[in-house]
Amino acid sequence: MSAPPSLKPPATAAFLAAPRVTAPLRAVVLGATAQPPRRLRCSAAAGAGDSVEMSAPLDWAARSVEALEQATDLDTFCMMALSPLDGRYFRFVKDLMPFFSEFGLIRYRVLVEVKWLLKLSQIPEVMEVPPFSEEAQLFLDAVIQDFSIDDAKEVKQIEKITNHDVKAVEYYLKQKCSSNPEVAKVLEFFHFGCTSEDINNLSYALALKEAVNTVMFPVMDDVCTAICTLATENARVPLLSKTHGQPASPSTLGKEMANFAFRLYDIRKSFSEVKILGKFAGAVGNYNADVVAYPEIDWPKMTEEFVRSLDLQFNPYVTQIEPHDYISKLFNLFVQFNIVLTDFDRDMWAYISAGYFKQIPKAGEVGSSTMPHKINPINFENSEGNFSVSNGLLHTLSMKLPISRLQRDLTDSTVLRNLGVGLGHSLLAYKATMQGIQKLQVNKIRLDEDLDQTWEVLAEAIQTVMRRYGITKPYEKLKEFTRGQAVTKESIRGFIETLDLPEDVRSSLLELTPHSYIGEAEKLAKNIVNVVDLKSGFKIE
């Protein structure tokens, strides 16, 4: 089965080669909140060839992807990868790798450790760490901003000795910063008062916030926009509805698309309510060591300031770990969003099967190894399959992560390393759905054929009008006339002619056809752009 092509082109060589401006550390913005608001285009092809400009604080992500793409033996690595995300689908999910890879986790740990040292230098009571000069701040800023895969490899070499990943980061920083005279004097204040989880929980929180805001949400926005466009462009195209798989009162193709657009938008609003939380309260959440070392400092206040300086929300009541409840909330929303799109994928599959949509052929693409005529709905099938895998993982993560024995156990440590796997399969599915949408062509001839052959769907309207004008047993009369019978244009008009109705009412019913019996469907479909906010997009603050 073919994989869905990427919606967004990789960063251009010109962008990757552009010189970076290193600002003083206090001016560096950490999180995706530094990104300018993303404006969506209401187009069925939204996202194709459209990219989000990456601001300076996130150019490290582009550089790390570039380094991976330029690896001399990338093809062999992809061929031998155990996970299909790292192998077959690498090029479709690579934008998540800087955030959720081993490299990404190490880099975020470095960031948190350095930022904490800087925070200590700003606390008057911690006289042992005086304020850093601008030169020293720039040096520490460069440690973060210039952190590379080669640097991460150095950390991994240290870890081979320590057998402790966070301690390896601390030792790496002590080595790295020993060359700067100011920082060299306070090396022992790296990781001061911290447990590993103080560093880890903030690292994962930053990774989630930045990856979701800059990689996941833009593609989800594109899907919503594309479905909304399907709604408005096909607002007047009549469609034979099917309830229980049988002909039912007509709708329009656009109205059925609007239903999905609204459902996705309703879930999307809830994402902004999720608070990405962080803790920094020591080994069991009580600042024990901090209070002994500096009893005069208000540590809860100080650490809240630190966590918020990273553009994260503060959790004041924790054990050794931040309890991960926010991750559960976030992933449950992804599961809901994915369920709605699974429903969409299946409906689109059914509409293609019924011939309501044709699929635009792609040069060179093969639908079947033996049947040359085939153009299969592989993108919607690929999407549905990946949603199944993703939701299974995201549900498992949301159920497991909030549970930890007493003040902590280590089960969350290995589970957290799968955050990117669950989101990666979602990203793959969103791109597949988008590619499926971009291949669609409405087949009005086939839509009209089904409507022309189902005049019995007017029975609902006729018996409802009969009720209004006092004709007895209208439902029963229409049931006898239509159920199990071949109903044609001529026969149903003949039935209408027999009814004791005002002339203008009878004339109106005689003009009614399956094509025109669509109620407010067209108006509802067109109005979706006023109901769904296509400009704000998804964002977690």
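Residues numbered from 1 in each chain as written. Predicted model: local features only at pLDDT ≥ 70, side-chain atom pairs only at ≥ 80, totals over all residues. Heavy atoms only, no water.

**Some points on the overall build of the chain**
Heads up, the rule is: Put simply, DSSP H or I for four residues or longer makes a helix, DSSP E for two residues or longer makes a strand, and each gets a number counted from the N terminus. Burial status follows relative accessibility: with a 1.4 Å probe on protein chains alone, a residue under 20% of its type maximum counts as buried, one over 50% as exposed, and anything between as partly exposed. Contact between two residues is taken to exist if any of their heavy atoms lie within 4.5 Å; hydrogens are not considered.
A count of helical and extended segments in the chain gives 25 helices and six strands. Buried positions account for 52% of the 541 residues belonging to the chain. Contacts in the chain between residues far apart in sequence, at least 24 positions, make up 81% of those at least 6 positions apart.

**Things to note about the pairing of strand 1 (residues 238-243)**
Here is the rule we go by: Think of it this way: DSSP has to see at least two bridges between two strands before they count as a pair.
As paired elements, strand 1 and strand 2 (residues 246-252) share five bridges and run antiparallel to each other. When the sheet's bridge partners are listed, Leu 239 is paired in strand 2 with Ser 251. The turn joining strand 1 and strand 2, which pair antiparallel and follow one another in sequence, is formed by two residues; a positive phi near 60° is taken by His 244.

**Digging into the environment of Ala 231**
Summarising the element assignment, Ala 231 is placed in helix 11 (residues 196-233). For Ala 231, a relative accessible area of 0% corresponds to the buried category. Once residues lying within four places of it in the same chain are set aside, the contact partners of Ala 231 are Gly 254, Met 257, Ala 258, Ala 525 and Ile 528.

**What about the environment of Phe 271?**
Tracing the backbone shows Phe 271 in helix 12 (residues 253-271). Take Phe 271: its relative accessible area is 0%, and that puts it in the buried class. Taking the C-alpha atoms as reference points, Phe 271 and Phe 331, separated by 60 residues in sequence, lie 9.8 Å from one another.

**Observations regarding the packing of aromatic side chains**
Defined as follows: Two rings from Phe, Tyr or Trp (for Trp, the six-membered ring) form a pair when their centres are within 6.5 Å of each other. A pair whose planes differ by under 30 degrees is stacked, one over 60 is edge-to-face, and the rest are tilted. In this scheme, Lys NZ or Arg CZ marks a charge over a ring once it lies within 6 Å of the ring centre and within 35 degrees of the ring normal.
Scanning all chains against the criterion turns up 23 aromatic pairs. Above the face of the Trp 60 ring, Arg 107 is positioned so that its terminal group lies 3.9 Å from the ring centre. For Arg 107, the ring lying beneath its charged end belongs to Tyr 108, and the centroid distance is 5.8 Å.

**Quick look at the side chain of Asp 165**
Position of Asp 165 relative to the elements: it lies in helix 9 (residues 165-177). Sequence-distant contacts of Asp 165, that is, excluding residues within four places in its chain, are made with Arg 109, Glu 159 and Arg 417.

**Brief notes about helix 23 (residues 503-511)**
The condition that has to hold: Think of it as the arc spanned by the lines of direction from the helix axis to the C-beta atoms.
All of the buried residues in helix 23 are Val 505, Arg 506, Leu 509 and Leu 510. All buried residues of helix 23 lie within an arc of 140° about the axis, which places them on one face of the element. Residues of helix 23 that are exposed and point more than 90 degrees away from the buried face comprise Glu 503, Asp 504 and Glu 511. Against the buried residues of helix 23 lie helix 20 (459-468) and helix 22 (489-497).

**Things to note about unusual backbone geometry**
With a phi angle near 60°, His 244 is a residue other than glycine that sits in the positive phi range. Along the polypeptide, His 244 turns up in the loop between strand 1 and strand 2. The phi dihedral of Tyr 287 falls on the positive side, at around 60°, and the residue is not glycine.

**Here we look at the pattern of salt bridges**
Operational definition: Whenever a carboxyl oxygen of Asp or Glu lies within 4 Å of a side-chain nitrogen of Lys or Arg, that contact is scored as a salt bridge.
With the rule as written, the count across this model stands at 27 salt bridges. The residue Asp 151 makes a salt bridge to Lys 176 at a minimum N-O spacing of 3.7 Å. Separated by 25 residues along the polypeptide, Asp 151 in helix 8 (residues 149-162) and Lys 176 in helix 9 bring together distant segments of the chain. Residue Asp 151 is classed as buried on the basis of its relative accessible area, which comes to 9%. The salt bridge involving Arg 506 is made with Glu 503; its shortest N-O contact spans 2.7 Å. One end of the pair, Arg 506, and the other, Glu 503, are both in helix 23, three residues apart, so they sit about a helical turn from each other. Beyond isolated ion pairs, a larger network of salt bridges with shared partners links Glu 102, Arg 109, Lys 156, Glu 159, Asp 165 and Arg 417.

**Side note on the state of the cysteines**
Which entries qualify depends on this criterion: The disulfide criterion is simple: two cysteine sulfur atoms within 2.5 Å.
In the structure shown here, the tally under the stated rule is zero disulfides. Not part of a disulfide, Cys 224 finds its nearest cysteine sulfur in Cys 228, a span of 8.9 Å. Of the residues examined, Cys 224 reaches a relative accessible area of 3% and is grouped as buried.

**A few points about empty space enclosed by the protein**
A water-sized probe rolled over the atoms picks out the places where empty space is left. Quick reminder of the rule: Cavities and pockets are found on a 1 Å grid laid over the protein atoms alone: a cavity is a set of points where a 1.4 Å probe fits but cannot escape, a pocket is an open set with protein on both sides within 12 Å along at least five of seven lines, and a lining residue has an atom within 4 Å of such a point. Grid points are joined across faces, edges and corners, and a volume is the space filled by probe spheres set on the points. Any residue outside Ala, Val, Leu, Ile, Met, Phe, Trp, Tyr, Cys, Pro, Asp, Glu, Lys and Arg is labelled polar, Gly included; the first ten of those are nonpolar and the last four are charged.
Tallying each qualifying case throughout the model produces two cavities of 30 Å³ or more. In this model, the second largest cavity occupies a volume close to 50 Å³. Listing elements by their share of the lining of the second largest cavity, those giving two or more residues are helix 11 and helix 15 (325-354). It is helix 11 that contributes the most residues to the lining of the second largest cavity, three residues altogether. Grouping the constituent residues of the lining of the second largest cavity by class yields five nonpolar, two polar and two charged.

**Thoughts on the layout of surface pockets**
Put simply, the largest pocket is a space of about 960 Å³. Around the largest pocket sit 35 residues that line it, and Asp 86, Met 97, Ser 101, Glu 102 and Phe 103 are the ones nearest its centre. Split into classes, the residues belonging to the lining of the largest pocket amount to 23 nonpolar, six polar and six charged.

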